[in-house]
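Geometric and topological summary
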Amino acid sequence: MDITASPSPNFDARRHPLDMLVLHYTGMETGQAALDRMRDPEAKVSAHYMIWEDGRIDQLVAEDRRAWHAGVATWQGDDDLNSRSIGIEIVNGGHDIRLPDGSLPPYPHDQIAAVIELCRAIIARHEIPQSRIVGHSDIAPLRKQDPGEHFPWEHLARAGIGVWPDVEGTQNTDIDGKGLAPGETGASVTQMQEMLAAIGYGLPATGTYDELTEAVVKAFQRRWLPDRVTGTADLPTLKMIGAIRALARR
Ligand SMILES: [Zn+2]
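Here the residue index of a chain counts from 1 through its sequence in written order. Two thresholds apply to this predicted model, a pLDDT of at least 70 for residue-level local features and 80 or more for giving and counting side-chain atom pairs, whereas whole-chain, interface and lining totals are computed over all residues. Values reported for side chains reflect all heavy atoms of the structure, with hydrogen atoms and water molecules removed beforehand.

1. Brief notes about the nonpolar core
Grouping buried Ala, Val, Leu, Ile, Met, Phe, Trp, Tyr and Cys residues that are joined through side-chain atoms within 4.5 Å yields what is termed a nonpolar core. Exposure is judged per residue with a 1.4 Å probe applied to protein chains only, and the accessible area is read against the type maximum: over 50% gives exposed, under 20% gives buried, and values in between give partly exposed. Counting residues in each nonpolar core, the largest one holds 58 residues, and the members touching the most others are Ile88, Leu196 and Phe220. Only runs of H or I of at least four residues qualify as helices and only runs of E of at least two qualify as strands under DSSP, and these elements are numbered from the N terminus. With 7 residues, the top contributor of residues to this core is helix H3 (residues 109–125). Setting aside anything within four residues of it in sequence, one finds phenylalanine 220 in contact with Leu196, Ile199, Tyr201, Leu225, Thr237, Met240, Ile241 and Ile244. Note on contacts: a residue pair is in contact if any heavy atoms of the two residues lie within 4.5 Å.

2. So, the pairing of strand S3 (residues 20–25)
Most of S3 sits out of view: 6 of its 6 residues are buried. DSSP bridges decide pairing: two strands pair if at least two such bridges lie between them. Across 6 bridges, the pairing between S3 and strand S7 (residues 85–90) is parallel. Paired with tyrosine 25 across the bridge in S7 is isoleucine 90. Where S3 and strand S8 (residues 133–135) come together, 3 bridges link them in parallel fashion. Paired with valine 22 across the two strands is valine 134, which belongs to S8.

3. Examining the coordination of the zinc ion
Protein coordination of the zinc ion is provided by His24 (ND1), His136 (ND1) and Asp146 (OD), with donor distances spanning 2.1 Å. Only N, O and S atoms count as donors, using a 2.8 Å cut-off from the metal and 3.2 Å for Na, K and Ca, and because water is excluded some sites may appear unfinished. Along the chain, the residues donating to the zinc ion are arranged with the sequence spacing H-x111-H-x9-D. Residue histidine 136 is located in helix H4 (residues 136–139), and its partner aspartate 146 is located in the loop between H4 and helix H5 (153–158); the two are separated by 10 residues in the primary sequence. Assigned by exposure class, histidine 136 and aspartate 146 land together as buried.

Structure (structure tokens):
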């Protein structure tokens, strides 16, 4: 692996054991702009690694230090996720810097190969459960959309990075009937909220399909149903929630 040292001053001491991996996109015009920002003491942001489009990797913060990438975030009941995680910034313009035709900029093959190699090395060095490998949008669904529905989560999962169900997993869930939509209330909404919380999302079981619930459903869809990022929990979404819930906490 080709890793260049590009030290950032933006770190402090971990306050919890390291047991999570958080993936981001940079969301800026260029990788250089993102790297410069993460090394600027005024910006007060950083990550442990940044991966360029061509697969080169820069390391900004040592793994045993607390980099500043997650912000206010929660997963599986934990907060201060900077203290618990390694953060990887992947160079990609994301939702703000789109291609001329309006589509999201693709992640190049060489870049994803480097993401996989680095994640595998990190998982080998630290005890990181599969269910604690997350995107920024999973842990901050009201604020963040990265690494985006164009990030190849299924490909990573096939390479041993993150949770993905087999086809039977989604068929065997005992969920049927119709889906749920924003504004609805009742026991079915409560049950869906409880399943999403069991996966890890910071979502109280209020019984009301409110703004936070819609944001969490969108974050879930970006991750596991990238062709239907609507915020509405249609039947395929409910079945996938059930399948991921069955795999959670491994
Ligand atoms: Zn991010």
